[in-house]
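Examination of the molecular architecture
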Amino acid sequence: MPAPDAALAQAGRVPTLAVLMALLMTSATPFLAGLLQGQTQHLGRNVLYTCLTVFLLGMVWRGSVWAWRLTVSFSMVAGLLVFIVGMLAGAAAWQGWLVSGAGLVYLLLGTALVGTASIRAFLDTRWAARSRARGRA
């Protein structure tokens, strides 16, 4: 596998961070919105989910291939399901269209992790560095 272009990889640092942060915000928004409305049911479960999301996205940032694969898979599956649920709910109330929009956001962010050249170059350099570090250990 050829080494990624260093300039392209450096240019991918900020977009990668932006995509990972957007995934976190999209995932945590329903939980945080519920907290602002005073809904504290399932608080422990939601905090656990948010912490696991932070851990998974942190592993992607540090160069874990399995975490990247899980993140892309989860964002695609969640995006499709959320979009469909939003479309069904949109037939009864306009808020369903907002839910469909969230599904599209998941799909776009997952696609960005796979299809944006600078993000892939940045992650490739992270993966290579992690592999070299593991080889020395």
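Small disclaimer: the values here were computed from a predicted structure and weren't measured. (Residues numbered from 1 in each chain as written. Predicted model: local features only at pLDDT ≥ 70, side-chain atom pairs only at ≥ 80, totals over all residues. Heavy atoms only, no water.)

**Regarding a nonpolar patch on the surface**
A grouping of L32, L35, L43 and V47 is seen on the molecular surface, where their side chains present a nonpolar patch of about 300 Å² in accessible area. Secondary-structure assignment places L32 in helix α2 (residues 13-36). (Patch = residues over 30% accessible without salt bridge, like charges linked within 9 Å, V, L, I, M, F, W, Y side chains within 5 Å. Areas by Shrake-Rupley, 256 points an atom, 1.4 Å probe, with all protein chains shown as cover. Salt bridge = Lys/Arg side-chain N within 4 Å of Asp/Glu carboxyl O. Helix = DSSP H or I, 4+ residues; strand = E, 2+ residues; numbered from the N terminus.)

**Quick word on the confidence of the model for the chain**
Per-residue pLDDT for the chain averages 91, and the proportion of residues at 70 or more is 96%. Within the chain, the element-level pLDDT minimum falls on helix α6 (residues 117-136), averaging 86, and the maximum on helix α3 (residues 43-62), averaging 95. (pLDDT = per-residue confidence, 0-100.)

**Things to note about unusual backbone geometry**
One non-glycine residue, H42, adopts positive backbone phi at about 60 degrees. Note on placement: H42 falls in the loop between α2 and α3.

**As for the packing of aromatic side chains**
This structure, assessed with the given rule, holds 2 aromatic pairs. Relative to W127, the ring of W68 has its centre 5.2 Å away and its plane inclined at 65 degrees; by these criteria the two rings are edge-to-face. One end of the pair, W68, is in helix α4 (residues 65-90); the other, W127, is in helix α6, and 59 residues separate them in sequence. Comparing W68 with W127 shows no difference in burial state: the two are buried. Positioned over the ring face of W61 is R126, at 4.7 Å from the centre of the ring. (Phe/Tyr/Trp six-rings, centres within 6.5 Å; stacked < 30°, edge-to-face > 60°. Buried < 20%, exposed > 50% of the residue type's maximum accessible area, 1.4 Å probe, protein only. Lys NZ or Arg CZ within 6 Å of the ring centre and 35° of its normal.)

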